[in-house]
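Architecture at a glance
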Amino acid sequence: MALRAARAIAPLTRLSLIRSHHSTQRRLIGALGEGVEEAASMFDSKPNFIHPTSLVHPNAVIGQGVSVGPFCTIGSATKVGDFCQLHPASHIFGNTELGDGCIVLTGAIVGAELPGRTVIGCNNIIGHHAVIGVKCQDMKYKDGDDCFLYIGNNNDVREYSSIHRSSKSSDKTVIGDNNLIMGSCHIAHDCKVGNNNIFANSTLVAGHVEVEDHIHTGGAVVVHQFCHLGSHSFVGGGSVVAQDVPRYMLVAGNRAELRGLNLEGLRRHGFTGLEIECLRRAYRKIFMPTDANSCSIIDRLDKVQDNEELAHVAVVSSMVQSIRDCFGQSRRGICRNGFAKEA
């Protein structure tokens, strides 16, 4: 008996480290050996805490180890994953799915009683009084249409921010993984946001905007609808972005202009010295030609691609293609070239 108890206690200690990842615990059961089933059953039996002042619909699906504070609301079509925490006066409505380990802070509202769905992945934090997955602010939306919002994992949405569902059933608003959305930001209908982005306070992103990965905005940035922000770009604080920002660029101003490469961001994300130097050379050839009567930007892009030293550098090819894409039929064109003295 003593041996059996010891074998159960050791796996339980390991399982306690993964309370926010219940599915991981399940996978560990087979690997930890005899006796872990008893420990896992003890872990699984941890009761939910639901404050008596909260309203939880009997049809709602509640996972293991969920904590629901006072004056919360959980709707009839809601699914709440394992080990989620709903702080006082937070609310989940409509056909909404909340993944494992999410935290919904005081005053936040997630989902709405609308056709369609809001799906939020694991380990997300929804900040105080944030509003996520509600009806869009697009006059083209028709009552009764399905509308959708999908949010990935490990996002931090801070206080008073809002993220809206799509404006039509054929589209969706999508937020990827590991994004930091600071206080009072807004992400409108039908936007597509990638991974590892940082939106500083009061960044306002209009409808249908596409944001790639590792993008950083300063505070009080405004992005016009249908714009495209390329990976590893930086938008200076207070800027109004009315046209596309290619990859690796730094833009600033009202209206935002190209001010060079996002050199500090590239260094922080592990770009090599050679890659950065090649990007600088390509940038100068494209945006800072020595000949005042130089050819068009398309011709300059062709020359960079034909350059023997630059053509085979992957990041240069990526930048060139991103610039070309700005001139596509459904795009808004590239931000105008500013007065940058050095790339």
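None of the values given here were measured: they were computed from a predicted structure.

Reading across the sheet, the 10 strands line up as 2-5-8-11-14-17-20-23-26-29 and stay open at both edges, with parallel pairing between neighbours. The outermost strands of the open sheet, each flanked by one partner alone, are strand 2 (55–56) and strand 29 (240–241). When strand 2 meets strand 5 (residues 73–74), the two strands line up parallel, connected through two bridges. Counted as the bridge partner of L55 is T73 from strand 5.

Another point: unusual backbone geometry. Omega for the bond connecting N254 with R255 falls within 30 degrees of zero, at 0°, which places this linkage in the cis form. Phi angles above zero are rare outside glycine, and H129 is one such case at about 60°.

Across the sheet, nine strands lie side by side as 3-6-9-12-15-18-21-24-27; this open sheet has parallel pairing. Looking at which strands have only one partner, the edges of the open sheet turn out to be strand 3 (61–62) and strand 27 (228–229). Pairing of strand 6 (residues 79–80) with strand 9 (residues 96–98), which is carried by two bridges, proceeds in the parallel orientation. Bridging across to strand 9, K79 finds its partner in E97.

What follows deals with the packing of aromatic side chains. In total, this model carries three aromatic pairs according to the counting rule given. An angle of 75° between the planes, with centres 5.7 Å apart, marks the rings of Y248 and F271 as edge-to-face. Here Y248 is found in the loop between strand 29 and strand 30 (249–252), whereas its partner F271 is found in the loop between helix 4 (263–268) and helix 5 (273–287), with 23 residues between them in sequence. Y248 gets classed as buried once you look at its relative accessible area, which sits at 6%. According to the relative accessible area criterion, F271 is buried, its value standing at 15%.

The rules behind each value
- In every chain, residue numbers begin from 1 and rise along the written sequence.
- Reporting of local features is limited, given that this is a predicted model, to residues whose pLDDT is at least 70; pairs of side-chain atoms are given and counted only at 80 or more, and all residues count toward the totals for whole chains, interfaces and linings.
- As a rule here, side-chain values cover all heavy atoms of the structure and leave hydrogens and water aside.
- Note: two strands are recorded as paired if DSSP finds a minimum of 2 bridges between them.
- Strands are runs of DSSP state E lasting at least 2 residues, helices are runs of H or I lasting at least 4, and numbering of each runs from the N terminus.
- Here is the rule: rings of Phe, Tyr and Trp (six-membered ring for Trp) pair when centre to centre is within 6.5 Å. Planes less than 30 degrees apart are stacked, more than 60 are edge-to-face, and the remainder are tilted.
- Exposure categories follow from relative accessible area, calculated using a 1.4 Å probe and restricted to protein chains: below 20% of the type maximum is buried, above 50% is exposed, and the middle band is partly exposed.

So yeah, pure geometry; function would need other evidence.
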